[in-house]
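# Descriptive structure summary
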Amino acid sequence: MRDSINIELYVLCFNEQKMIRHTLNYYAQICSKIVVIDNQSTDNSIELARSYENVEIRYLDSGNEFIEDKLQETRNNCWKGSTADYVIVCDMDEFLYDKNLMEKLLMAKHKGIAIPIIIGYNMMSDHFPSNYDTLITQQVMHGKRSNWFDKSIIFDPKKVKEINFSPGSHQSYPEFYEDNITDNLLELKLLHYKYLGREYLYKKHEGYVKRMSDISRAKKHGYEYLDGEKHIDNMFDSSTYLHKIIE
């Protein structure tokens, strides 16, 4: 079915050696091309990425700082010039999901839908899934609804002139070449695989804080990183009852 629809992935990366194999294992099933945009990783993320077929590496130099403005600019422009049916522009822990994903995307293509509707979820686990031979969607299937992740991460680059993502891509203000076609009955899920064990996140957030730029601090971009372990503990402590998101 992948031969019937052309999907490209554009994914940002910084020190994702634990997550990147989960991400590439998943998207390699549906994407004809994967572009990993590396923001000066210091681990072996890119070496792992190079072991996959159809992966292109690009580099983003932010002066070894976390500068959301530069990430926002990258998300808004990295896909331009693509002739794919759909592009997915996301972070390493964001997974576009539906149990009939390819069928729905083919339907969206045939209907001429420029931006499918996305419903977001925070997926959660007490431990990071270390089995890379099984898809992460088969290992962590519970989570909670999060409208903060109703992000328009997939769209038709031939119909969308500008996607105009806000910081973090949590909102978008697209400009179209022609009128946008929507279908409220065609929905896809965004599974946010971030909350995969406290210790994993403690270390990850600590790394982000160390390289956070003054401008990002001033604009409160990534404010949850500055809360340290408190934000992480609050998320886990307030999520004792989770729903099964993947059937």
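Conventions adopted
Along each chain, the written sequence defines residue order, and numbers are assigned to residues from 1. Where totals are concerned, whole chains, interfaces and linings use all residues; where local detail is concerned, this predicted model gives features only for residues with pLDDT of at least 70, and gives and counts side-chain atom pairs only at 80 or more. Calculation of side-chain values draws on the structure's entire complement of heavy atoms; hydrogens and water are dropped beforehand. Only when DSSP finds a minimum of two bridges between them are two strands counted as paired. For the purposes of this entry, the term helix denotes a DSSP run of H or I that reaches at least four residues, the term strand denotes a run of E that reaches at least two, and both are numbered from the N terminus. Relative accessible area decides the class of each residue, using a 1.4 Å probe on protein chains only: under 20% of the type maximum gives buried, over 50% gives exposed, and in between gives partly exposed. By convention, orient the strands away from the viewer: a clockwise path from the first strand over the helix to the second makes the crossover right-handed. Residue contacts are defined here by distance: any two heavy atoms, one from each residue, within 4.5 Å place the two residues in contact. Whenever a helix is involved, its axis is fitted only over the stretch in contact; in every case the axis is a line through C-alpha atoms, and angles between N-to-C directions fall within 0 to 180 degrees. By definition in this entry, angles of less than 35 degrees are roughly parallel, angles greater than 145 are roughly antiparallel, angles of 65 to 115 are roughly perpendicular, and the rest are oblique. Put simply, a crossing is left-handed when the front helix is turned counterclockwise from the back one by less than a right angle, and right-handed when it is turned clockwise. Each residue gets one of three labels, nonpolar for Ala, Val, Leu, Ile, Met, Phe, Trp, Tyr, Cys and Pro, charged for Asp, Glu, Lys and Arg, and polar for the others, Gly among them.

Ordered in space as β5-β11-β6-β7-β12, the five strands form an open sheet in which the pairing is mixed. The sheet is open, and its two borders are formed by β5 (94-97) and β12 (243-244), each paired with just one other strand. Looking at chain direction, strand β6 (residues 117-125) and strand β11 (residues 187-196) are connected through eight bridges and run parallel. Looking across to β11, one finds that I118 is bridged to L188.

For the rest of this paragraph, the subject is the pairing of strand β1 (residues 7-13). Counting buried residues in β1 gives seven out of seven residues, a clear majority hidden from the surface. Because side chains alternate across β1, one face comprises the buried residues I7, L9, V11 and C13, and the other comprises E8, Y10 and L12, equally buried. Sheet analysis places β1 next to strand β4 (residues 86-91), joined by six bridges and oriented parallel. For I7, the partnering residue across the bridge sits in β4 and is Y86. Relative to strand β2 (residues 33-38), β1 is paired through six bridges, and the arrangement is parallel. Paired with L9 across the strands is I34, a residue of β2. Taking the sense of rotation as the criterion, the β-α-β connection linking β1, helix α1 (residues 20-27) and β2 turns out right-handed.

This next bit is on the pairing of β2. Side-chain direction in a regular strand flips from residue to residue, so the side chains alternate between the two faces of the sheet. The buried fraction of β2 amounts to five of the six residues, a majority that puts the element mostly inside the structure. When β2 meets strand β3 (residues 55-59), the two strands line up parallel, connected through five bridges. Along β3, the bridge assignment pairs V35 with E56.

In spatial order, the strands read β3-β2-β1-β4-β8; together these five strands make up an open sheet with mixed pairing. The open sheet has two edge strands, β3 and β8 (154-155), and neither has a second partner. Looking at chain direction, β4 and β8 are connected through two bridges and run antiparallel. Looking at β8, one finds that I88 is bridged to I154. In the packing of helix α3 (residues 68-77) onto the sheet, contacts are made with β1, β2 and β4, and the angle to β1 comes to roughly 170 degrees. Across the sheet, helix α4 (residues 101-111) lies against β1, β4 and β8, angled at about 125 degrees from β4, the strand it touches most.

Across the interface, helix α5 (residues 198-210) lies against helix α8 (residues 229-237) with an axial gap of 9 Å and an inter-helix angle of 150 degrees. Judged by the inter-axis angle, α5 sits roughly antiparallel to α8. α5 and α8 meet at a crossing whose hand is right-handed. Each of R198, L201, Y202 and H205 in α5 lies in contact with α8, whose residues at this interface are E229, H231, I232, D233, F236 and D237. Along the lines of polarity and charge, the residues of the contact of α5 with α8 split into four nonpolar, two polar and four charged.

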